[in-house]
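# Summary of the model geometry
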Amino acid sequence: MMTYKSGLYTLNCILWSCIHVEPLLLGLLFKQFFNILKPGENFTINLFSIIALTSVYTIGRMINIRWGAMVDNKHRFNMSALLRRNMFESILKKPGASSIPCSQGEALNCFRDDARTIEDSISWTLDFIGNVVFVIVAVTIMVSINAKITLFVFTPLVAVVGIVQVLRSKLQKYRVASREATGLVTGAMGEIFSAVQAIKVAGEEENVVRYLEKLNRQRHKMMLKDTLLTQSLHSIFYNTVSIGTGFILLLAAGSMKNGDMTIGELSLFIYYLNFISDFTSFFGGFIANNRQAKVSFLRIAEVMQEDNLYNAVEHNDLHLKSGNKDTKDNINISEKFSAEDLTDISVEGLSYQYKTSGNGIEDIHFRLKKGSFTVITGRIGSGKSTLIKVLLGLLPSDGGNIKWNGKTVTNPAEFFISPYCAYTPQIPNLVSDSIKNNILFGLQEEAVDINNSLHAAVLEKDIKELENGLDTVIGPKGVKLSGGQIQRVAVARMFARKAELLVFDDISSALDVETENKLWNRLFKDRPATCLVVSNRRGALKQADQIIVMKDGRIEAIGRLEELLDHCDEMKAIWG
Ligand SMILES: Nc1ncnc2c1ncn2[C@@H]1O[C@H](COP(=O)(O)OP(=O)(O)OP(=O)(O)O)[C@@H](O)[C@H]1O
């Protein structure tokens, strides 16, 4: 990470090294000042020049600290932003249906706290370098004044390193436990917020609060241990240093009495000691933070699902400069490659097994012809949604082949997007914005026939009845809309993409029969694309050119409705 933005790191290093080393000069000025300051003497030219130099030093230091703070903030931001960017990229690159291995709350903690801990550990290397330079020079000066007393300065430093080494594993253990407990609380809160209605309907408010209290008590315990150990270490560092300083002052008093030390040299000792004590306690904190940063790196690798830790720190552009337009702000749907227009999709031997349940789909074969309307049907848990997710690359297939116009699709996740494919999942993801922006979702308004999308999604009447029409802001996940409206806004978003292949995963659950039939009729009449639809509803089944009947993760039968009702028992059971 130090080599990322190396110019900024070097500048930061120079500025902070100066900030840490500058007090050496003031110590020498103090020494001169006290050595020539004698009771009853008038101010000499020498004294005035020391005061003038001290003033110049102070102004210079203020400017330096200001620049140092500015550059450090920028450098720190770049460090944690790189980690967050790489984490985000890694999550987005994973198959959509298995993107994070933990709760959203835990992932958010990782983005916030772990990136911050690592940011600290990088930034503190600068303070470490500056402090080490200060200590080396200061000790050289002090040894030249009094080697015996100087030796005592290092006693607390050795003690601090010893203490941190002894408590190293405890420090890491408590940090892991406190982070996990925090993740459980934020994860539970996220789940509770998204299930408010279900909790109220079930009358489970008290149980839920009790559960949250239990998690909070666990977190309280873990955080207390972690914070107590960290703060105890800090107080041990400071007190060890203070005891050492006391000894040094006693020794110095003896030396002064013997005339081995001047008042100026004593003031220099006391002034430098202050910084060496700070360094000693900083050193303890620095080592402790590095241990915690190791835990943070492991957690980040876990969220990224990467074995190689270097992927977390891979050097990538952050696109921070304004006017940098190489990011894809708008997707232009007119960029369609006509050579790739769909004529035929074939699926051969597609399989996927969930590691946790052992269920999934096996050996799936079927073909979709251009403009056809195919319905995947089957009982609950028969594998309909899994089939769609594996086809679209939202889950990684264990085997099999998908061909688009006879050519193998090597990376379905990257291929099955607009303009080739658009998809409405069983639970749509709407964002807290206007209906219009939810439908456009990045497309340019001029490139979309939004009224046509609304009509196809049977949404035109609903929009007219809303006070602000298309500009109505729908709240997080569309809470201000009914379930059916949410589903149809997602469908309108899909139609706006003008994709070759439209995939609907069981949109029926939130739609009444009449609205759903209207939707299929309009779609069937316009035939804008090839459609793959998961549904058990008669309205869809009646329209289908082919029906794929799923049972226990396998295809039980494929055919038209009349044929299947004739000879397929599973189809007869679903039809009722
Ligand atoms: N995330 C998961 N982890 C483990 N097993 C899963 C997961 N999702 C689904 N399964 C299992 O895979 C099988 C197929 O599930 P799938 O959701 O594809 O069925 P479905 O036909 O779409 O059901 P539904 O009609 O309820 O949507 C089921 O046995 C289910 O228990």
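None of these values were measured; they are calculated from a predicted model.

Here we come to the site of the ligand. Of all residues adjacent to the ligand, which total 14 residues, the nearest are Ser-357, Gly-381, Lys-384, Ser-385 and Thr-386. In the environment of the ligand, an oxygen atom lies 3.1 Å from a nitrogen or oxygen atom belonging to the backbone of Ser-382. Within the side chain of Gln-426, a nitrogen or oxygen atom sits 3.0 Å from an oxygen atom of the ligand. Bound to the protein, the ligand loses 67% of the 620 Å² it would expose on its own. Among the elements that make up the shell around the ligand, the one with the highest residue count is helix 9 (residues 384–391) (three residues). Class assignment of the residues belonging to the shell around the ligand gives a composition of two nonpolar, 10 polar and two charged.

The next subject is a positive patch on the surface. Together, Lys-170, Lys-173, Lys-221 and Lys-225 line one region of the surface with positive charge. Secondary-structure elements contributing two or more residues to the positive patch are helix 5 (147–194) and helix 7 (205–257). Along the chain, Lys-225 turns up in helix 7. On the basis of relative accessibility, which here comes to 36%, the residue Lys-225 falls in the partly exposed class.

Counted under the stated rule, the structure contains 22 aromatic pairs. Between the aromatic rings of Trp-124 and Phe-282, the centroid separation amounts to 6.3 Å while the plane-to-plane angle is 65°, which identifies the pairing as edge-to-face. Residue Trp-124 is located in helix 4 (residues 104–145), and its partner Phe-282 is located in helix 8 (residues 263–304); the two are separated by 158 residues in the primary sequence. According to the relative accessible area criterion, Trp-124 is partly exposed, its value standing at 25%. Ring geometry for Phe-415 versus Tyr-420: centroids 4.5 Å apart, planes at 15°, classification stacked. Note on Phe-415: relative accessible area 18%, which makes it buried. Each member of the aromatic cluster is reached from another via a ring pair, and the members are Trp-124, Phe-128, Phe-279, Phe-282, Phe-283 and Phe-286. One residue, Arg-493, lies across the ring of Phe-441, its end atom 3.8 Å from the ring centre.

Before going further, it helps to spend a moment on the domain arrangement of the protein. Along its sequence, the protein is organised into domain 1 (6–313) and domain 2 (338–575). For domain 1 and domain 2, the distance between their C-alpha centres works out to 53 Å. At the interface, five residues of domain 1 touch six residues of domain 2. Where domain 1 packs against domain 2, one counts zero salt bridges. The interface formed by domain 1 and domain 2 holds zero residue pairs in polar contact (both at pLDDT 80 or more) in total.

This paragraph deals with the sheet that holds strand 4 (residues 399–404). Here we have four strands laid out as an open sheet, ordered 2-1-4-5, and antiparallel in their pairing. Lying at the two open borders of the sheet, with one neighbouring strand each, are strand 2 (360–369) and strand 5 (407–408). Judged from the seven bridges that link them, strand 1 (residues 344–353) and strand 2 form a sheet pairing that is antiparallel. Looking at the pairing, Gln-353 lines up with Gly-360 of strand 2. Seen against the sheet, helix 9 touches strand 1, strand 2 and strand 4 and runs at an angle of roughly 115° to strand 1.

Glancing now at the nonpolar core. Counting 49 residues, the largest nonpolar core has Ile-439, Leu-502, Phe-504 and Trp-520 as the members making the most contacts within it. Here the element with the most residues in this core is helix 14 (residues 483–496); it accounts for seven residues. Those residues within four positions of Trp-520 in sequence are excluded, and the remaining contacts are Phe-373, Phe-504, Ile-507, Val-533, Gly-539, Ala-540 and Gln-543.

Burial analysis of strand 9 (residues 546–551) places five of its six residues in the buried class, the great majority of the element. Strand direction decides the pairing type here: strand 3 (residues 373–378) and strand 9, joined by five bridges, are parallel. By the bridge assignment for strand 9, Thr-377 is matched with Val-549. Where strand 9 and strand 10 (residues 554–559) come together, five bridges link them in antiparallel fashion. Its bridge partner lying in strand 10, Met-550 is registered against Ile-555. Hairpin geometry of strand 9 and strand 10 is characterised by an intervening segment of two residues between the two adjacent antiparallel strands and by a positive phi of about 50° at Asp-552.

Between helix 1 (residues 6–21) and helix 4, the least distance of the axes is 8 Å, while the angle of their chain directions is 40°. One element, helix 1, and the other, helix 4, form an angle in the oblique class. Judged by the sense of rotation from one axis to the other, the crossing of helix 1 with helix 4 is right-handed. Of helix 4, the residues touching helix 1 (which contributes Tyr-9, Asn-12, Cys-13, Trp-16, Ser-17, His-20 and Val-21) are Ile-122, Thr-125, Leu-126, Asp-127, Ile-129, Gly-130, Asn-131, Val-133 and Phe-134. Across the contact of helix 1 with helix 4, the residue classes break down as nine nonpolar, six polar and one charged.

Spatial ordering of the open sheet is given by 6-7-8-3-9-10, a layout of six strands whose pairing is mixed. Taken across any chain shown, the strands that pair with only one partner, and hence form the sheet edges, are strand 6 (421–424) and strand 10. Neighbouring strand axes in the sheet, compared pairwise and without regard to direction, differ in orientation by 15° on average. Relative to strand 7 (residues 501–505), helix 15 (residues 513–526) is tilted by about 165°, and along the sheet it contacts strand 3, strand 7 and strand 8 (530–534).

What counts and what doesn't
- Going along each chain's sequence as written, the residues are numbered from 1 onward.
- Whole-chain, interface and lining totals are the exception, using all residues; otherwise, since this is a predicted model, local features are given only for residues with pLDDT of at least 70 and side-chain atom pairs are given and counted only at 80 or more.
- With hydrogens and water stripped out, all remaining heavy atoms of the structure feed into the side-chain values.
- We call a residue near a molecule or strand as soon as one heavy atom of that residue lies within 4 Å of the molecule or strand.
- Polar contacts, as counted here, are pairs of nitrogen or oxygen atoms within 3.5 Å of one another; within protein the pair requires one atom able to donate a hydrogen and one able to accept it, and residues that are adjacent in sequence qualify only if both atoms are side-chain atoms.
- All accessibility values rest on the Shrake-Rupley procedure with a 1.4 Å probe; residue burial counts only the protein chains present in the view.
- Starting at the N terminus, helices and strands are each numbered in turn, a helix being any DSSP run of H or I of at least four residues and a strand any DSSP run of E of at least two.
- In the scheme used here, Gly and all other residues not listed as nonpolar or charged are polar, with Ala, Val, Leu, Ile, Met, Phe, Trp, Tyr, Cys and Pro taken as nonpolar and Asp, Glu, Lys and Arg as charged.
- Exposure above 30% relative accessible area and no salt bridge define the residues that can form patches, which grow by joining like charges within 9 Å and nonpolar side chains of Val, Leu, Ile, Met, Phe, Trp and Tyr within 5 Å.
- Salt bridge, as used here: a side-chain nitrogen of Lys or Arg that lies within 4 Å of a carboxyl oxygen of Asp or Glu.
- Charge assignment in this entry is limited to Lys and Arg as positive and Asp and Glu as negative, and neither His nor the chain termini are counted.
- Think of each charge as sitting on NZ of Lys, CZ of Arg, CG of Asp or CD of Glu.
- Each residue gets one of three labels from its accessible area relative to the maximum for its type: buried under 20%, exposed over 50%, partly exposed in between, using a 1.4 Å probe on protein chains only.
- Two aromatic rings from Phe, Tyr or Trp, using only the six-membered ring of Trp, form a pair when their centres are within 6.5 Å; if the ring planes differ by under 30 degrees the pair is stacked, by over 60 it is edge-to-face, and anything between is tilted.
- Only when the NZ of Lys or the CZ of Arg is both within 6 Å of the ring centre and within 35 degrees of the ring normal is a charge said to sit over the ring.
- The start and end points of each domain follow an automatic or database-based domain assignment.
- The contact criterion used throughout is that any non-hydrogen atoms of two residues lie within 4.5 Å.
- Two strands are counted as paired when DSSP detects at least two bridges linking them.
- As a rule, the C-alpha atoms of each element are fitted with a line to give its axis, helices using only the stretch in contact, and angles between N-to-C directions run from 0 to 180 degrees.
- Throughout, nonpolar core names a set of buried Ala, Val, Leu, Ile, Met, Phe, Trp, Tyr and Cys residues whose side chains join them through atoms within 4.5 Å.
- Should an angle fall under 35 degrees it is taken as roughly parallel, and over 145 as roughly antiparallel, whereas 65 to 115 is taken as roughly perpendicular and any remaining angle as oblique.
- Two helices cross in a left-handed way if the nearer one is turned anticlockwise from the farther one by less than a right angle. They cross in a right-handed way if the turn is clockwise.

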